[in-house]
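Letter by letter, the chains look like this.
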Amino acid sequence: MSDTIKVRYNEVLNRIEKACHNCGRNPDEIVLVAVSKTKPDSDVLELVDLGQVHFGENRAKSLEDRLEKIQNDAIQWHFIGTLQTNKIKYMSHRVNWIQSVHKKKALKEIEKRASADNRVINALVQVNISDEDQKSGCDPDELESILTYGQSLKFTKVRGLMGMATYTDDAEKVRPEFQKLKSLRDKHMHLANGSVSLEHLSMGMTNDLEVAIEEGSTMLRVGTAIFGERNY
Ligand SMILES: *Cc1c(COP(=O)(O)O)cnc(C)c1O
């Protein structure tokens, strides 16, 4: 078992390196977030030993449990799932990145909690870029007002945008969605002021990380390719 994670992890690092090489990018520009959802703590610890720093969870309760059981200051924890404002208090004492901010109210609550704990939380605004009915993220039209709101925050740093592409094996289907996220970032770059910086684009998962890198991703969220298939 143990060997498997190491082998898979190295395969993912190789995929990233190769994809960067193919489009003239530097692999150091890319943050790999290992999406550990549903997997045992031992898998997380094994990856920490291999040098992995960033880990992501998509449920508030799972993240809370993980924070309790794995107390390791070397880890940067990301929340990547649907964000309910009333769950922010369960993670704000330790989470480093909340990638799924989709409204001002969530930023306001993150700021309140981060301020109370006198710590900084990085946020990404999730934008709905896929054409699937199941809507996640804000509408592109709402970005301007959310980012403007973020400028004056003190404990919350709005570092970029996050997008989930349509779930498919077809790279050419997701490419325009990644292009859309990047063009939305470029379009709003003039709002990078105060606590808003927008240097990150979190896009790309197991099936589409190469396309995401070609289209400018700076943060990949990879689960299956590192940890193996999930049972649910
Ligand atoms: C599960 C999940 C991922 C990782 O998906 P894989 O296809 O297993 O790599 C990435 N982002 C989010 C938001 C997820 O929920």
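Remember, predicted model here, so these are calculated numbers, not experimental data.

Peer 1: What's the story with the overall build of the protein chain in this structure? I'm lost.
Peer 2: Helix and strand counts for the protein chain stand at eight helices and eight strands. For the protein chain, the C-alpha radius of gyration of 17 Å lies close to 17 Å, the compact-globule estimate for 232 residues. Taken along its principal axes, the extent of the C-alpha atoms in the protein chain is 45 × 40 × 35 Å. Looking at the protein chain as a whole, 52% of its 232 residues qualify as buried.

Peer 1: Where do I start with the site of the ligand in this structure?
Peer 2: For the ligand, the full set of nearby residues is Val35, Lys37, Asn58, Ile80, Met164, Met205, Thr206, Arg221, Val222, Gly223, Thr224 and Arg230. Gly223 is positioned such that a nitrogen or oxygen atom in its backbone is 2.8 Å from an oxygen atom of the ligand. One of the side-chain N or O atoms of Arg230 is found 2.8 Å from an oxygen atom in the ligand. For the ligand, the accessible surface in isolation is 390 Å², of which the surrounding protein chains cover 93%. Residues that form the shell around the ligand fall into these classes: five nonpolar, four polar and three charged.

Peer 1: Just checking my understanding: could you explain the pairing of strand S1 (residues 31-35) for this structure?
Peer 2: For S1, the tally of buried residues reaches five of five residues, placing the bulk of the element in the interior. Here S1 shows a buried face lined by Val31, Val33 and Val35 and a second buried face lined by Leu32 and Ala34. In terms of strand pairing, S1 meets strand S8 (residues 219-222) through four bridges, oriented parallel. Residue pairing for S8: Ala34 is matched across the bridge by Val222. Handedness of the S1-helix H2 (residues 41-49)-strand S2 (residues 54-57) crossover: right-handed.

Peer 1: In this structure, what is going on with unusual backbone geometry? I would like to understand it.
Peer 2: Both trends apply: most residues other than glycine have a negative phi, and most peptide bonds are in trans. Even without a glycine there, the phi angle at Thr38 is positive, about 70 degrees. For Thr38, the position within the fold is in the loop between S1 and H2. Here the phi dihedral of Asn118 falls at roughly 50 degrees; this positive angle occurs in a residue that is not glycine. Along the polypeptide, Asn118 turns up in the loop between helix H4 (104-116) and strand S5 (121-126). Overall, the relative accessible area of 62% leaves Asn118 in the exposed class.

Peer 1: Is there a simple way to explain the environment of Gln151 in this structure?
Peer 2: By the secondary structure assignment, Gln151 is in the loop between helix H5 (143-150) and strand S6 (156-162). Its relative accessible area of 22% is what places Gln151 among the partly exposed residues. In this structure the C-alpha to C-alpha distance between Gln151 and Ala192, which are 41 residues apart in sequence, comes to 7.6 Å. Filtering out sequence-adjacent residues up to four positions away, Gln151 remains in contact with Leu191, Asn193, Gly194, Ser195 and Val196.

Peer 1: Even after reading the chapter, I still don't get the nonpolar core, so can you show me in this structure?
Peer 2: Buried together is how nonpolar side chains tend to be arranged in soluble globular proteins. Among the nonpolar cores identified, the biggest contains 61 residues, and Ile16, Phe55, Ile98, Leu161, Leu220 and Ile226 are the most heavily contacted of them. Here this core gets six residues from one element, more than from any other, and that element is helix H1 (residues 2-22). Apart from residues no more than four positions distant in its own chain, Leu220 is found in contact with Ile16, Ile30, Val31, Leu32, Val33, Met203, Gly204, Leu209, Ala212 and Ile213. Among the nonpolar cores identified, the runner-up in size contains six residues, and Val31, Val33, Leu124 and Met162 belong to it.

So, how was this worked out
Residues numbered from 1 in each chain as written. Predicted model: local features only at pLDDT ≥ 70, side-chain atom pairs only at ≥ 80, totals over all residues. Heavy atoms only, no water. Helix = DSSP H or I, 4+ residues; strand = E, 2+ residues; numbered from the N terminus. Rg over C-alpha atoms; globule rule 2.2 N^0.38 Å. Buried < 20%, exposed > 50% of the residue type's maximum accessible area, 1.4 Å probe, protein only. Near = heavy atom within 4 Å. Polar contact = N/O pair within 3.5 Å; in protein donor to acceptor, adjacent residues only side chain to side chain. Areas by Shrake-Rupley, 256 points an atom, 1.4 Å probe, with all protein chains shown as cover. Nonpolar A, V, L, I, M, F, W, Y, C, P; charged D, E, K, R; others polar. Pairing = 2+ DSSP bridges. Right-handed = clockwise from strand over helix to strand, strands pointing away. Contact = heavy atoms within 4.5 Å. Core = buried A, V, L, I, M, F, W, Y, C linked by side-chain atoms within 4.5 Å.

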